[in-house]
Amino acid sequence: MSRHYVDTVAARFAGVADEVAASLQEPVDRTPTWSGWRSIETIAAGHGITDLNLVKPGVGETTRVLLRRVPWQVLVHPDRTADLTHVLLLARARQVPVVEVPGLPYSCVGLIRQVV
């Protein structure tokens, strides 16, 4: 079935070739903006965190914080909680506060407890 699947997909290439070629001719600015890094710095500063390695952005990283680290808080974008069921369940199970942050540039961010 794998070969049939690939053949079916490949048969559609000719029908979209012109559109794909046209889209590739438009120049794309790939200059790094570092906006993600700046948001991590802002989150860290806002929570008194001096080690940026303790701020873990994104669903995967937040999940890992809740499963394998000593979590302090989970920040969530209020409009994305429907997609974060497993994160919210893990946070509740580990008794980790979940804080809604409007305008958060990620769906969620896991904050690791800073050990002194």
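Preceding this section is the structure that the text describes.
Overview of the structure.

What counts, and where the lines are drawn
- Residues numbered from 1 in each chain as written.
- Predicted model: local features only at pLDDT ≥ 70, side-chain atom pairs only at ≥ 80, totals over all residues.
- Heavy atoms only, no water.
- Pairing = 2+ DSSP bridges.
- Helix = DSSP H or I, 4+ residues; strand = E, 2+ residues; numbered from the N terminus.
- Axes fitted to C-alpha atoms, helices over the stretch in contact; angles between N-to-C directions.
- Contact = heavy atoms within 4.5 Å.
- Salt bridge = Lys/Arg side-chain N within 4 Å of Asp/Glu carboxyl O.
- Buried < 20%, exposed > 50% of the residue type's maximum accessible area, 1.4 Å probe, protein only.
- Parallel < 35°, antiparallel > 145°, perpendicular 65-115°, else oblique.
- Left-handed = near helix turned anticlockwise from the far one by under 90°.
- Nonpolar A, V, L, I, M, F, W, Y, C, P; charged D, E, K, R; others polar.

**Re the sheet that holds strand 1 (residues 55-57)**
So, step 1. Strand order in the open sheet formed by 4 strands is 1-4-2-3, with mixed pairing between adjacent strands. If you trace the sheet from one side to the other, it starts and ends with strand 1 and strand 3 (98-100), each paired once. Strand after strand, the sheet turns through a mean of 20° between neighbouring axes, direction not considered.
So, step 2. Sheet analysis places strand 2 (residues 71-76) next to strand 4 (residues 108-112), joined by 5 bridges and oriented antiparallel. By the bridge assignment for strand 4, proline 71 is matched with isoleucine 112.
So, step 3. Across the face of the sheet, helix 3 (residues 35-46) comes into contact with strand 1, strand 2 and strand 4 while running at roughly 135° to strand 1.

**Focus on the pattern of salt bridges**
So, step 1. Taken as a whole and assessed by the stated rule, the structure comprises 1 salt bridge.
So, step 2. Glutamate 61 is the partner of arginine 64 in a salt bridge, and the nearest nitrogen-oxygen pair spans 3.0 Å. In this pair, arginine 64 and glutamate 61 both sit in helix 4 (residues 59-68), 3 residues apart, roughly one turn of the helix.
So, step 3. Taking the relative accessible area as the measure of exposure, arginine 64 reaches 39% and is therefore partly exposed.

**Digging into the packing of helix 4 against helix 5 (residues 85-93)**
In helix packing, the relevant descriptors are the interaxial angle and the interaxial distance, both defined with respect to the helix axes.
So, step 1. At a closest axis distance of 10 Å, the pairing of helix 4 and helix 5 adopts a crossing angle of 20°. Looking at the two axes, helix 4 sits roughly parallel to helix 5. Crossing of helix 4 over helix 5 shows left-handed handedness. Each of Val59, Thr62, Thr63, Leu66 and Leu67 in helix 4 lies in contact with helix 5, whose residues at this interface are His86, Val87, Leu90 and Ala91.
So, step 2. In the contact of helix 4 with helix 5, the residues fall into 6 nonpolar, 3 polar and no charged.

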